[in-house]
Amino acid sequence: MLWQDVWGELIRIADGLIAAADSLWVKLCRDFCGDMRLCLVLAVTLMSVLMAVVQGVDKKKLQIGIKKRVDNCPIKSRKGDVLNMHYTGKLEDGTEFDSSIPRNQPFTFTLGTGQVIKGWDQGLLGMCEGEKRKLVIPSELGGATLIFEVELLTIERRSDL
């Protein structure tokens, strides 16, 4: 399709939208844009860009799923706690890249101090001993989109000073 054909189709659509627009919208477009067809083409373009941005933001959000809850939770993880975890990490395509389970050696780190990727520091807050979660960590928080199944074994809370 030629550029002129695309532009002609956009103008045809804009003309249809102009006919359907109420008088306030028409007045605002004329006052600010001068040409109604151009104004509506710009408005449709802007709406499309905003929708793409919003959808992109949703994809970049950390996703936290609870796989196993515990009935008795006297202590929840918080920044500064030392956590002992079992985990299995996978890529988006399902390829497993690491797991503490076959080694039978829990991973130990201090939460909220940057010892682990941001997705873990954020996704493990408020967790109970014995709880299992699934974290889908976007590339902005993990370098690539990563999927972790984690189990919090124990919390070591340092006494408040």
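Above this text you will find the structure in question.
This section reports on the structure supplied with the text. (Residues numbered from 1 in each chain as written. Predicted model: local features only at pLDDT ≥ 70, side-chain atom pairs only at ≥ 80, totals over all residues. Heavy atoms only, no water.)

**A word on the state of the cysteines**
A covalent bond between the sulfur atoms of two cysteines is referred to as a disulfide.
Next, step 1: A full pass over the atoms with the stated rule returns one disulfide.
Next, step 2: One disulfide in the model links Cys73 with Cys128; its S-S distance is 1.9 Å. Its S-S torsion of about -95 degrees marks the bond between Cys73 and Cys128 as left-handed, since a negative value means left-handed. You can see Cys73 sitting in the loop between strand E1 (63–68) and strand E2 (82–91) and its partner Cys128 sitting in the loop between helix H4 (118–123) and strand E5 (132–137), a full 55 residues away along the chain.
Next, step 3: By relative accessible area, Cys73 is classed as partly exposed at 24%. (Disulfide = S-S within 2.5 Å. Helix = DSSP H or I, 4+ residues; strand = E, 2+ residues; numbered from the N terminus. Buried < 20%, exposed > 50% of the residue type's maximum accessible area, 1.4 Å probe, protein only.)

**With respect to unusual backbone geometry**
Next, step 1: Residue Asn104 is not a glycine yet carries a positive backbone phi of 50 degrees.
Next, step 2: Positionally, Asn104 belongs in the loop between strand E3 (96–99) and strand E4 (107–110).
Next, step 3: Asn104 sits in the exposed class, given a relative accessible area of 64%.

**Description of the nonpolar core**
Next, step 1: Grouped together as the largest cluster of nonpolar side chains are 18 residues, with contacts concentrated most on Leu83, Met85, Phe109, Trp120, Leu124, Phe148 and Val150.
Next, step 2: The set of elements that each furnish at least two residues to this core consists of E2, E5 and strand E6 (146–156).
Next, step 3: Not counting residues up to four positions away in its chain, the partners in contact with Phe109 are Asp81, Val82, Leu83, Met85, Gln115, Val116, Trp120 and Leu124. (Core = buried A, V, L, I, M, F, W, Y, C linked by side-chain atoms within 4.5 Å. Contact = heavy atoms within 4.5 Å.)

**Quick notes on the packing of aromatic side chains**
Next, step 1: The full count for this structure, using the stated rule, is eight aromatic pairs.
Next, step 2: Ring centres of Phe107 and Phe109 lie 5.4 Å apart, and the angle between their planes is 25 degrees; this geometry places the pair in the stacked category.
Next, step 3: Taking relative accessible area as the criterion, Phe109 reaches 3% and is therefore assigned buried.
Next, step 4: A ring pair is formed by Trp120 and Phe148, whose centres lie 5.2 Å apart and whose planes are at 85 degrees; its orientation type is edge-to-face. Taken as a pair, Trp120 in helix H4 and Phe148 in strand E6 lie far apart in primary sequence, 28 residues in all. Summarising the burial analysis for this pair, Trp120 and Phe148 share the class buried.
Next, step 5: An aromatic cluster of three or more residues is present, and its members are Tyr87, Phe97, Phe107, Phe109, Trp120 and Phe148. (Phe/Tyr/Trp six-rings, centres within 6.5 Å; stacked < 30°, edge-to-face > 60°.)

**Description of the environment of Gly143**
Next, step 1: When you line up the elements, Gly143 lands in the loop between helix H5 (139–142) and E6.
Next, step 2: Note on Gly143: relative accessible area 70%, which makes it exposed.
Next, step 3: Once the C-alpha coordinates of Gly143 and Ile117 are considered, the two residues, 26 residues apart in sequence, prove to be 8.5 Å apart.

**A short note on the pairing of E2**
Next, step 1: Of all 10 residues in E2, eight are buried, a share of seventy percent or more.
Next, step 2: Bridge analysis of E2 against E4 gives four bridges, and the strand direction is antiparallel. From the neighbouring strand, Met85 faces E4, where its bridge partner is Phe107.
Next, step 3: The sheet contact formed by E2 and E6 spans 10 bridges and is antiparallel. When the bridges of E6 are listed, Asn84 appears paired with Thr154.
Next, step 4: By the bridge criterion, three bridges tie E2 to E3 in an arrangement that is antiparallel. Opposite Gly89, over in E3, you have Asp98 as the bridge partner. (Pairing = 2+ DSSP bridges.)

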